[in-house]
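Coordinate analysis (summary)
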Protein chains: 6
Amino acid sequence: MDTERFQRGWDKLMEVDGEGGQRVIESLKDIAPDLGRYVVEFAFGEIYSREGLDLKQRQLVTIASLTTQGGCEPQLNVHIHAALNVGLTAHEIIEAITHCIPYTGFPRVLNAIFTAKHVFEERNVVLEKNVSLGI
Amino acid sequence: MDTERFQRGWDKLMEVDGEGGQRVIESLKDIAPDLGRYVVEFAFGEIYSREGLDLKQRQLVTIASLTTQGGCEPQLNVHIHAALNVGLTAHEIIEAITHCIPYTGFPRVLNAIFTAKHVFEERNVVLEKNVSLGI
Amino acid sequence: MDTERFQRGWDKLMEVDGEGGQRVIESLKDIAPDLGRYVVEFAFGEIYSREGLDLKQRQLVTIASLTTQGGCEPQLNVHIHAALNVGLTAHEIIEAITHCIPYTGFPRVLNAIFTAKHVFEERNVVLEKNVSLGI
Amino acid sequence: MDTERFQRGWDKLMEVDGEGGQRVIESLKDIAPDLGRYVVEFAFGEIYSREGLDLKQRQLVTIASLTTQGGCEPQLNVHIHAALNVGLTAHEIIEAITHCIPYTGFPRVLNAIFTAKHVFEERNVVLEKNVSLGI
Amino acid sequence: MDTERFQRGWDKLMEVDGEGGQRVIESLKDIAPDLGRYVVEFAFGEIYSREGLDLKQRQLVTIASLTTQGGCEPQLNVHIHAALNVGLTAHEIIEAITHCIPYTGFPRVLNAIFTAKHVFEERNVVLEKNVSLGI
Amino acid sequence: MDTERFQRGWDKLMEVDGEGGQRVIESLKDIAPDLGRYVVEFAFGEIYSREGLDLKQRQLVTIASLTTQGGCEPQLNVHIHAALNVGLTAHEIIEAITHCIPYTGFPRVLNAIFTAKHVFEERNVVLEKNVSLGI
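So, how was this worked out
- For every chain, the first residue of its written sequence is number 1, and the numbers climb from 1 along that sequence.
- To label them, take the chains in the order written and letter them from A, then take the ligands in the order written and number them from 1.
- In view of the model being predicted, local features appear only for residues whose pLDDT reaches at least 70, and side-chain atom pairs are presented and counted only at 80 or more, with totals across whole chains, interfaces and linings using the full set of residues.
- Each side-chain value is derived from all of the structure's non-hydrogen atoms; neither hydrogens nor water enter the calculation.
- In this analysis, axes come from line fits to C-alpha atoms, helices being fitted only over the stretch in contact, and the angle between any two N-to-C directions falls in the range 0 to 180 degrees.
- Only runs of H or I of at least four residues qualify as helices and only runs of E of at least two qualify as strands under DSSP, and these elements are numbered from the N terminus.
- Angle categories are assigned with fixed cut-offs, so that under 35 degrees is roughly parallel, over 145 is roughly antiparallel, 65 to 115 is roughly perpendicular, and the rest are oblique.
- Each crossing is labelled by how the near helix is turned from the far one, with a counterclockwise turn of less than a right angle marking it left-handed and a clockwise turn marking it right-handed.
- Contact between two residues is taken to exist if any of their heavy atoms lie within 4.5 Å; hydrogens are not considered.
- Only one rule defines a salt bridge in this text: a Lys or Arg side-chain nitrogen within 4 Å of an Asp or Glu carboxyl oxygen.
- The definition of a polar contact used here is a pair of N or O atoms within 3.5 Å, where within protein one atom must be able to donate a hydrogen and the other to accept one, and adjacent residues in sequence count solely through side-chain atom pairs.
- Classification convention: Asp, Glu, Lys, Arg as charged; Ala, Val, Leu, Ile, Met, Phe, Trp, Tyr, Cys, Pro as nonpolar; all other residues, Gly among them, as polar.
- Method remark: on a 1 Å grid restricted to protein atoms, a set of points is classed as a cavity if a 1.4 Å probe fits but cannot get out and as a pocket if it is open with protein on both sides within 12 Å along at least five of seven lines; lining residues have an atom within 4 Å of a point.
- Grid points are joined across faces, edges and corners, and a volume is the space filled by probe spheres set on the points.
- We superpose the copies by least squares over the C-alpha atoms of residues that have a pLDDT of at least 70 in both of them.

Per an unreviewed UniProt entry, chain A carries the name Carboxymuconolactone decarboxylase and comes from Brevibacillus choshinensis.

If you want it as structure tokens, here you go:
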């Protein structure tokens, strides 16, 4: 194991994903600990530790990728928490998911929005209503 | 908001998806009302309101698209209800999903069939058995 | 080999895909002849030979599935030919692809439309313009 | 129905998927019995009955395909059971899923690993820990 | 046609995609003019005209969505041009695509990077080398 | 850069992908050298260097994953070369791709088979015909 890279990744994981990320790594301990290690070392120790984009920009990219891919609701849950952790507002997260409609269609966007709704409720994030449907 | 297009879309949504569609729009009110508005205005006020294919044909296309895409079981549930609403028989719905096997493989088709089974049970739709397995 | 099922599949393949389907089967002869046999026996001898949907309805389902799946332009080419062969109009084919926008987004729909454009040009199918953009 | 092919497929289904496969076929009896028949006749009577790869190799391919495709957790559950049935070790199954990381990314791999974890717990399969994370 | 929304969308399309977007709309004129109209009215007149994210953030989301989806190289080409048009640097575009590795794997990222390479060459964008491989 | 892991990865890349892999890494030098480095260090220095599955088994998994994913023909080309390099026969490669039909459908399998056909022709691999279609 590459201790330095693991530590850098772990610190980044804590900064970005926080408790949700830690839970994923721990749930892998008895079944696929190396998978947890690669998440820490590669995804966070390498990719998330790169320069060139800040953490808010990286979370926009992550959310768009997970929304588009579909079937990744558990990971989207962790990364919507992460988006809030690094300073994106709930409004920006909803905007980013909404922006995917023309590229990936309504169904994947709806699934992602309902995942965000669940996260916002867990964290008591209040979203100021910005458009009224009047229905 | 474009009132006329919204109204046209709302009427079409009610005709096609009925209560299930209404529930989706309402569940978006506090989190992403514009997403609900786009479903109404664009998906139903524009696309579903086009000429050239009737509503039964459109539901065949919708079911094939959602079956193939995967991970869209909630939307497939709404649109299997919709398919029955516009006059497709349960038998035709099963045929359309079954027809996707060569294109998208068994797993996505199985997921869609079990979604249909759930919808048919909710609505007490009886499917006359047309093939006996004898096992 | 199941001669009867193969023959039934071959006749159906000729009826639906015609020359384009035959070319696919023949191009498999030296590399994976069984794959060609399964296309004939299973996809056409079983699935396409089922009752419950007519060939026009089946081609709507096929086109929606291939459009949504993405990366299947060669198969979409064959099946847009097939859609014309079984009596769908160019206008209905364009409508079916257009109907997929809300489900799968613009990029896959654009790819499918350009495939259709190519097929229509090959066959000198003239599409009466039904909407003017005025640009 | 092609009795011989059905019987060959059924025997192969029992050998590979066992009880889990039988349950899938039975759950289709009232809704889409032909779909069950095609799983038996085509997937098992044809594809799984081919020579050229043994059943362990076939299950590696199946698991990779289902992991990559996403949204197929029920089918992955059946086929992780099947992988154990034909003699792959829990360790080899975890390796095969882990090997997909560079091709399909962490989210689909995580979903597959958690499906495997669930199967191993159901069967009391103990996985000797081969790497310690030390966290 | 909704003239105001079309005009707003057209202006936005010109601002973001420029010539590449215009070429797509024009190539649809004889085959599916309404598809072109929806790209203008809905994707640009509605989605891209929303507040809450600026155009650079929107292009990060678009690029992540198209990279992840796969098979959308023509659209990715247009939107990498667009990303440069709205002020993202070549370096930020490469970073955004690279950030998708853990979510969608190397193959889709490689395809997107080679699309970016092609766009940068077309525009004579010089990317300052920031890492030396030394091979 | 982690020299030891890079060297281990480079050696493994040469053993598995050979010239084709080298060409990919080199083509990234001016645009995204870190992406090339991650392919070497992570995909080959970590994943391919793991124990638990041999290289033939790993290539079966890789081919199944790339076939299923779709739109990865360039990567599939490299990895069909790689499969031959590590000792899989052309026949086993065709079998592995064929085995994916029930999971991912005919179109993705056809695309993969034609990629294999191209690779076998490049390398003058002769595939003994094992099934005669008689058409």
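Residues and elements named next belong to chain B. Where helix α6 (residues 90-99) contacts helix α8 (residues 106-122), the two axes come as close as 9 Å, and the packing angle between them is 165°. Judged by the angle between their axes, α6 and α8 are roughly antiparallel. For the pair α6 and α8, the crossing hand works out as right-handed. Contacts from Ala90, Ile93, Ile94, Ile97 and Thr98 of α6 reach α8 at Val109, Ala112, Ile113, Ala116 and Phe120.

Attention now moves to the interface of chain A and chain E. At the interface, 31 residues of chain A touch 31 residues of chain E. Applying the counting rule to chain A against chain E returns four salt bridges. Taking the shortest distance from any N to any O, the salt bridge between Arg58 of chain E and Glu95 of chain A comes out at 2.7 Å. Applying the counting rule to chain A against chain E returns 16 residue pairs in polar contact (both at pLDDT 80 or more). Of all the elements in the fold, those that place two or more residues in the side of chain A that touches chain E are α3 (33-47), α4 (55-69), α6 (90-99) and α7 (101-104) of chain A. The element best represented in the side of chain A that touches chain E is α4 of chain A, accounting for ten residues. Here the residues of the side of chain A that touches chain E are counted per class, giving 15 nonpolar, eleven polar and five charged.

All names here are of chain E. Volume-wise, the largest pocket comes out at about 510 Å³. Around the largest pocket, the lining is made up of 28 residues, and of these Gly20, Gly21, Val24, Pro74 and Val78 lie nearest the centre. For the lining of the largest pocket, the residue count by class is 14 nonpolar, nine polar and five charged.

Here the structure, examined in full by the defined rule, presents 13 cavities of 30 Å³ or more. Here the largest cavity defines a volume of roughly 630 Å³. If you trace the largest cavity, you find 36 residues lining it, with Arg108 of chain A, Arg108 of chain B, Arg108 of chain C, Arg108 of chain E together with Arg108 of chain F closest to the centre. The set of elements that each furnish at least two residues to the lining of the largest cavity consists of α4 of chain A, α4 (55-69) of chain B, α4 (55-69) of chain C, α4 (55-69) of chain D, α4 (55-69) of chain E together with α4 (55-69) of chain F. A class-by-class count of the residues in the lining of the largest cavity yields no nonpolar, 30 polar and six charged.

Let us now look at the relation of the copies chain A and chain E. With an RMSD of 0.0 Å, the fit of chain A onto chain E corresponds to turning through 180° and sliding 0.0 Å along the axis. The transformation relating the two chain copies, once decomposed into turn and shift, fits a two-fold axis. A symmetric contact is evident, with 100% of the interface residues of chain A recurring at the interface of chain E.

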